[in-house]
Amino acid sequence: MEKRIKRPAGLTALFWRYLITTSAVILLLAILWWMGLTILMQMKVVYPASTAADGVDNLISSLTAGTLTPEEIPYYYRWAVFDGGYQLIDAGNMNERRLAYAKSALAGDSAGQGIFYTQYHRIAKLSENRFCVVQYDYSMPYGMKTLQERLPEFQTCALLVLLVCCLGAGTLLTRHFAGLLRRDADLLTSAAQTIARQRLDEPLNGQARVREFGDTLAAMDKLRASLAQSLKDQWAMEQQRRLELAALTHDLKTPLTVISGNAELLEEDALNPTQKEMVETILRSAVRVQEYLVQLRAMTSPEGMVEQQKEQVSLEHLAEGWKRTGQSLCGAKQVEFICSSVPSVSLWVYPAALDRAVMNLLDNAVRYAPAGGKVVLNILLEAKKVKLSVEDTGPGFSAAALAKGGQPFFTSDASRSQEGHLGMGLFYAAQTAKQHGGSLHLSNTSQGAKVELDLPVTHMRE
């Protein structure tokens, strides 16, 4: 027969169990306390609380009849003797406070007095015009005079013992039930830490004793499993994408080699200056594409992308390449290209990344510049900052482009993605600026758009 699995209790059931258990324990302690009290009374260790009140009538009669003297009054009464003018003759076993109560009773004050126990008074007329005031209360006296004189008041001590026992039992039960909740809370904390440490291949062990905590732990385990599966699927997709990209990179080598070879053959022919410039542009572009393929191969290799290193490069050398590219792009569209003077300095930069970023800015400017317009490349050195700006005489940036132009895949024209433009040029330029510790700024001028690449220079040599 299959063993039935016990379902954990819910928070409500646990709360009621705590209340019922605590109440039952306190009730049991009260019963045991009462039984102990009863046994003590049966053994005459203590007397009932009504002992003094039950015997006070006989005591007053005996004092009045003269068969009992004040000195013979039982120890659980307090007494004092006064004369006919209510002047104290014998204080008996009363202290100053109790004597004040007795005088008030002689004066006719019948109201109860006392702090913890109400003090009652009876007056017995003795011989020779004297009065004995007997004082008593409803506390439990000890069974021996010695105990009554030396030990604390029994009834209060007994109640304190009961209170301490109840508090102790309540504390232990509270710690027990709190421990159940604490253990379940520790399971949830451990589960959260396991997920936070990305140890998603480890099942969340442990059985919660509270149903709600158990449901939460089960949900967290499902979350862990879902995240693990999602990461596996994402990794598999990434691997597939990397393999496809590696295959495409490999296949691009053949047409690139054909283009480069044919351009080199054309370069050997007798060409006019315009044709020679076009062939050189083809060769430069082929070299640039070859550099991009090298980066793509590095990205798709098992070792991953090789970390770039800064190099010391002449700004004039970089600008020479930008000029040739700008002239080639503008010449194909009949746009005038202007480049400012270039400072004669050497910089520590990431040359490939910076070259690619400026090429993207020039390509964007030429694309939007109308035929007969202008594209201007300004290169300025201000303090310890290099400012590279590209301006065009096109329509300028829209409000959305000014706000989101540096974000990936943003295009101001939805149709541009169909033409092969994915909105990554400005994003890559912004990332390059960030890589160098600088920034990218978009603005509009009176003639068109302006993109400025600010690069702080920490190592510079003139």
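Residues numbered from 1 in each chain as written. Predicted model: local features only at pLDDT ≥ 70, side-chain atom pairs only at ≥ 80, totals over all residues. Heavy atoms only, no water.

J.: Would you take a moment to explain the sheet that holds strand S6 (residues 336-339) for this structure?
T.: Within a beta sheet, neighbouring strands are joined by backbone hydrogen bonds and run either parallel or antiparallel to one another. Pairing within the open sheet is mixed, and its 5 strands lie in the order S6-S8-S9-S11-S10. Whereas interior strands pair on both sides, the edge strands pair on one side only; in this sheet they are S6 and strand S10 (439-444). Within the sheet, the average angular offset between the axes of one strand and its neighbour, ignoring direction, is 15°. As defined by bridge partners, S10 adjoins strand S11 (residues 449-456) across 6 bridges and the pair is classed as antiparallel. Of the residues in S11, the one forming a bridge with Asn-444 is Ala-449. Across the sheet, helix H8 (residues 315-333) touches S6, strand S8 (374-382) and strand S9 (385-392), and the angle it forms with S6 is around 170°. Strands in contact with helix H9 (residues 351-368) are S6, S8, S9 and S11; relative to S9, the strand with the most contacts, it is inclined by about 25°. (Pairing = 2+ DSSP bridges. Helix = DSSP H or I, 4+ residues; strand = E, 2+ residues; numbered from the N terminus. Axes fitted to C-alpha atoms, helices over the stretch in contact; angles between N-to-C directions. Contact = heavy atoms within 4.5 Å.)

J.: Would you mind showing me how to read the pattern of salt bridges here?
T.: Pairs can form between side chains of opposite charge once their charged atoms are near each other. With the rule as written, the count across this model stands at 8 salt bridges. Here Asp-57 ties to Arg-122 by a salt bridge, and the two come within 2.7 Å at their closest N and O atoms. Taken together, the residues span a long stretch of sequence, with Asp-57 in helix H2 (residues 51-65) and Arg-122 in strand S3 (residues 120-126) at a distance of 65 residues. Note that Lys-450 and Glu-452 form a salt bridge whose closest N and O atoms lie 3.8 Å from each other. Residue Lys-450 is classed as partly exposed on the basis of its relative accessible area, which comes to 21%. On the basis of relative accessible area, Glu-452 is assigned to the buried category, the value being 15%. (Salt bridge = Lys/Arg side-chain N within 4 Å of Asp/Glu carboxyl O. Buried < 20%, exposed > 50% of the residue type's maximum accessible area, 1.4 Å probe, protein only.)

J.: What exactly am I supposed to notice about the sheet that holds strand S2 (residues 88-90) here?
T.: Taken in spatial order, the 4 strands make up an open sheet running S2-S1-S4-S3, and their pairing is antiparallel. Every other strand in the sheet has two partners, leaving S2 and S3 as the edge strands with one partner each. Geometrically, the sheet is characterised by an average inter-axis angle of 35° between neighbouring strands, direction not taken into account. With 2 bridges connecting them, strand S1 (residues 78-83) and S2 associate as antiparallel partners. The partner of Phe-82 across the bridge, within S2, is Leu-88.

J.: Any chance you could explain the environment of Thr-22 here in plain terms?
T.: Within the fold, Thr-22 resides in helix H1 (residues 11-42). By relative accessible area, which is 13% here, Thr-22 ends up buried. Along the sequence, Thr-22 and Val-335 sit 313 residues apart, while their C-alpha atoms lie 91 Å from each other.

J.: Is there a simple way to think about the environment of Leu-200 in this case?
T.: Positionally, Leu-200 belongs in the loop between helix H5 (154-196) and helix H6 (211-268). Judged by relative accessible area, which is 10%, Leu-200 ranks as buried. The spacing of Leu-200 and Lys-323 is 123 residues in sequence and 53 Å in space, taken between C-alpha atoms. Those residues in contact with Leu-200 that sit more than four places away from it in its chain are Ile-195, Arg-224, Leu-227, Ala-228 and Leu-231.

J.: Before we go on, may I ask you to explain H2 in this structure?
T.: Owing to its 3.6 residues per turn, the α-helix brings residues three or four apart onto one side. Over its 15 residues, H2 runs 22 Å from end to end, which matches the ideal 21 Å to within 8%, given 1.5 Å per residue. Asp-57 marks the point of greatest bend in H2, at about 40°. By the burial criterion, the buried members of H2 are Thr-51, Ala-52, Ala-53, Val-56, Leu-59, Ile-60 and Leu-63. Against S3 and strand S4 (130-136) lie the buried residues of H2. Looking at the residues trailing H2, positive phi occurs at Gly-66, about 85°. (Expected span 1.5 Å × (residues − 1). Bend = angle between axes of the 7 residues up to and from the residue.)

J.: Help me understand H8, please; the structure alone is not making it clear to me.
T.: With 19 residues, H8 extends 27 Å between its outermost C-alpha atoms, agreeing within 8% with the 27 Å of an ideal straight helix rising 1.5 Å per residue. Taken together, the buried positions of H8 are Leu-315, Leu-318, Ala-319, Gly-321, Trp-322, Thr-325, Gly-326 and Cys-330. The buried residues of H8 all sit within an arc of 155° when viewed along its axis, so they share a single face. Pointing more than 90 degrees away from the buried face of H8 are the exposed residues His-317, Gly-331 and Ala-332. Regarding H8, its N-cap is Ser-314, as a side-chain oxygen of that residue lies 3.3 Å from the backbone nitrogen of Glu-316 further along. Count one or two residues on from H8 and you reach Gln-334, which has phi positive near 60°. (Arc of directions from axis to C-beta. Polar contact = N/O pair within 3.5 Å; in protein donor to acceptor, adjacent residues only side chain to side chain.)

J.: Got a minute to help me understand the packing of H1 against H5 in this structure?
T.: If you want to describe how two helices pack, look at the angle between their axes and the distance between the axes. Where H1 meets H5, the axes come as close as 10 Å, and the angle between the chain directions of the two elements is 155°. Comparing their axes, H5 and H1 come out roughly antiparallel. The handedness of the crossing between H1 and H5 is right-handed. For the contact of H1 with H5, the residue count by class is 21 nonpolar, 3 polar and 1 charged. (Parallel < 35°, antiparallel > 145°, perpendicular 65-115°, else oblique. Left-handed = near helix turned anticlockwise from the far one by under 90°. Nonpolar A, V, L, I, M, F, W, Y, C, P; charged D, E, K, R; others polar.)

J.: Looking at this model, I keep getting lost on the packing of aromatic side chains. Mind explaining?
T.: Between two aromatic rings, the relevant description is the distance of the centres plus the angle of the planes. Overall, the coordinates contain 11 aromatic pairs when judged by the stated rule. For the ring pair Tyr-86 and Phe-131, a centre distance of 6.2 Å and an interplane angle of 65° mean the geometry is edge-to-face. Taken together, the residues span a long stretch of sequence, with Tyr-86 in the loop between S1 and S2 and Phe-131 in strand S4 at a distance of 45 residues. The class of Tyr-86 is partly exposed, set by a relative accessible area of 42%. The interplanar angle of 25° and the centroid separation of 5.8 Å between the aromatic rings of Tyr-120 and Tyr-136 together place this pair among those described as stacked. One end of the pair, Tyr-120, is in strand S3; the other, Tyr-136, is in strand S4, with 16 residues separating them in the sequence. Tyr-120 sits in the partly exposed class, given a relative accessible area of 34%. Since its relative accessible area comes to 9%, Tyr-136 is described here as buried. Among the aromatic side chains, those forming a connected cluster through ring pairs are Tyr-47, Tyr-75, Tyr-76, Tyr-77, Tyr-120, Tyr-136 and Tyr-138. (Phe/Tyr/Trp six-rings, centres within 6.5 Å; stacked < 30°, edge-to-face > 60°.)

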